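Summary of structural features
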Amino acid sequence: MTYAITQTCCNDATCVAVCPVNCIHPTPEERAFGSTEMLHIDPRACIDCGACADACPVDAIFPVDSLSAGQREYADINAAYYEGEEPLPVGDEVDGPNFHVWGEPAFERSLPSDFGPLRVAVVGTGPAGMYAAQDLLLHTAAEVTLIDRLPVAGGLVRYGVAPDHPATKKVGDTFARFHSHPRVRMHLGIEVGRDVTAEELSAHHDAVIYAVGASTDKRLGVPGEELPGCLSATAFVAWYNAHPEAVAQGVDLSAERVVVVGNGNVALDVARILVADPEALAATDIAAHALDALRASRVREVVVLGRRGPEDAAYTRSELLALKHVPGVELVVDDHDPRTAAAIDAAGAGDRAAVLKGLARVRTDGASPTGGERRIVLRFHSEVVEIQGGGGGVRSVRVTDGGGGGTADLGAGLLLRAIGYRGLPVPGLPFDEASGTVPHDGGRVAGLPGSYVVGWIKRGPSGGIGANRTCAAETVGALLADAVAGELPAPKGDAKAFRRLARQRNRRVVDAQGLAAIDRAERDRGRRDGRPRVKLATVEELVATARSGRLLRLTR
């Protein structure tokens, strides 16, 4: 029986490297890699060995015969990717001792025998930064300084992945094994531009890699956007993931309808969390304050607005498929515009819009829903014109209605904008205001030898967790090429000098031992409540726990 890749695929291609019959595509060497929503297993070539499932960091690969009813469609998605293609030769068809045909070997990390260890700072401990650190630690003798402005590591994995996607969070375990690596020094709670400058970082390291992501959101630019109850999805995700900079009691869920603007995966995440069964969420690491609020929530309906049609939606087909199988939640399509139904009815089997076939088609009116099953309404060809206030917050959202220029008012008490992320300037680095990125050439920061970028601050807010692996490989490759060519500026200070500098500037720095104490404390709190962990939600709690754990170790 063949295996199939499912919803939580991270695209980092760990599975590709271990497959003995080359049945997982696209591979990092193929042009389509990074542009497909997920990787796919060729059922004609799979030999049912399970190597890919063992290697998968996010538990996304299963035997087809073990897929649940909600996952069966992924077997078809995997197979459909290979329709019309000739299978690669395997087994007896291959003239040689290998299971399949391999390309020419490439040794991109081949370094001179006398190449000395580099001292590299990585700013940001999310996937982009950790893929870069992993590359350096596994392929060179580099010493890595991990820096994060928050007193805890994890970045997007900890604070961006929805709590009901625990398999996706498992990639964090892969990164966590490098936190205590003997060639890693960790300084958490240090912010570049506040505690140390970019120039000081460069003065103490051979190179600096900035992996600071895209931490703010785009605006709608419509009247009423400043009203209480109009929030960014970024803030809402931070709130339910216990980000220490999120306001613990800052989201009002007393209205029965919420409008989410945008139709990417983040929009689907926040819509799903808003109407999911709180008792199911209680088995996750969702923030305690968010769980309490969701238990008391009156939200019954979430309307997800898409400016374009279902054929152009930004969410992935795998996430939309999962949304169809949320227990106790009905997924429907608003048919206010005839173009929506036409696009769904005409969609081919492999088109994203085809997933919407068979869903009920409704009309959302001005009134909020009353009673009944919770539901998510996908409304396409609809833009926000104005956010109207009343009672100290959002009262309704005026949206375009149909293709004739008409409008409709949707009663709602909360609006979440999920129309994209945007990077912020890093003090001391150049910045492109138009793209929200740092100008670079293959990861090399323009005009700053020895400084590099990776992740969303490099390429813009596109691509999931696994896309950062190839992005990091390019950046680290550029760094090593510059080192071999003798083009890196020589540092003036050493690791001890930087440690002294960091602690002089910020007395609350958390190191690897402190991070381990935080992890133990959160897991212990979770164990008492029957949860994987209960996150510490403030900077003060995180720092105090790190310190107490360190003092406990010193007194033993």
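None of the values given here were measured: they were computed from a predicted structure.

Right, let's talk about the overall build of the protein chain for a bit. Of regular secondary structure, the protein chain possesses 19 helices and 23 strands. Relative to the globule expectation of 24 Å for 556 residues, the C-alpha radius of gyration of the protein chain, 25 Å, shows essentially globular dimensions. Overall, the C-alpha framework of the protein chain stretches about 70 × 65 × 50 Å when taken along its three principal axes. Counting only residues that meet the buried cut, the protein chain has 53% of its 556 residues in that class. For the protein chain, restricting intrachain contacts to residue pairs at least 6 apart in sequence, the fraction spanning at least 24 positions comes to 75%. With the model as given, the accessible surface of the protein chain reaches about 24200 Å², and the carbon-plus-sulfur share is 51%. Taken as two groups, the 60 positive and 71 negative side-chain charges of the protein chain have centres that lie 8 Å from each other.

What follows is about the sheet that holds strand 15 (residues 374-379). Within a sheet, neighbouring strands are paired by backbone hydrogen bonds and run either parallel or antiparallel to one another. On the basis of which strands lie adjacent, the open sheet formed by seven strands has the order 10-19-11-12-15-13-14 and parallel pairing. With one partner strand each, in any of the chains shown, strand 10 (230-232) and strand 14 (361-362) form the two edges of the open sheet. Where strand 13 (residues 329-334) lies against strand 14, two bridges are found, and the strand directions are parallel. Across the sheet, residue Asp-334 finds its bridge partner in strand 14, namely Val-362. In the packing of helix 9 (residues 233-240) onto the sheet, the strands contacted are strand 10 and strand 19 (414-417), and the crossing angle to strand 10 comes to about 75°. Contacting strand 11 (257-261), strand 12 (301-305), strand 13, strand 15 and strand 19, helix 10 (residues 265-275) crosses the sheet at an angle of about 155° to strand 15.

Okay, the pattern of salt bridges next. Here the structure, examined in full by the defined rule, presents 36 salt bridges. Across the pair Arg-375 and Glu-301 runs a salt bridge, and its minimum N-O distance is 2.5 Å. A residue pair is termed long-range when its members are at least 10 positions apart, and Arg-375 in strand 15 and Glu-301 in strand 12 qualify at 74 residues. With a relative accessible area of 0%, Glu-301 lands in the buried category. Via salt bridges that share partners, Arg-158, Asp-519, Glu-522, Arg-523 and Arg-533 belong to a single interconnected network.

Reading guide: rules and limits
Residues numbered from 1 in each chain as written. Predicted model: local features only at pLDDT ≥ 70, side-chain atom pairs only at ≥ 80, totals over all residues. Heavy atoms only, no water. Helix = DSSP H or I, 4+ residues; strand = E, 2+ residues; numbered from the N terminus. Rg over C-alpha atoms; globule rule 2.2 N^0.38 Å. Buried < 20%, exposed > 50% of the residue type's maximum accessible area, 1.4 Å probe, protein only. Contact = heavy atoms within 4.5 Å. Areas by Shrake-Rupley, 256 points an atom, 1.4 Å probe, with all protein chains shown as cover. Lys, Arg positive; Asp, Glu negative; His and termini not counted. Charge placed at Lys NZ, Arg CZ, Asp CG, Glu CD. Pairing = 2+ DSSP bridges. Axes fitted to C-alpha atoms, helices over the stretch in contact; angles between N-to-C directions. Salt bridge = Lys/Arg side-chain N within 4 Å of Asp/Glu carboxyl O.

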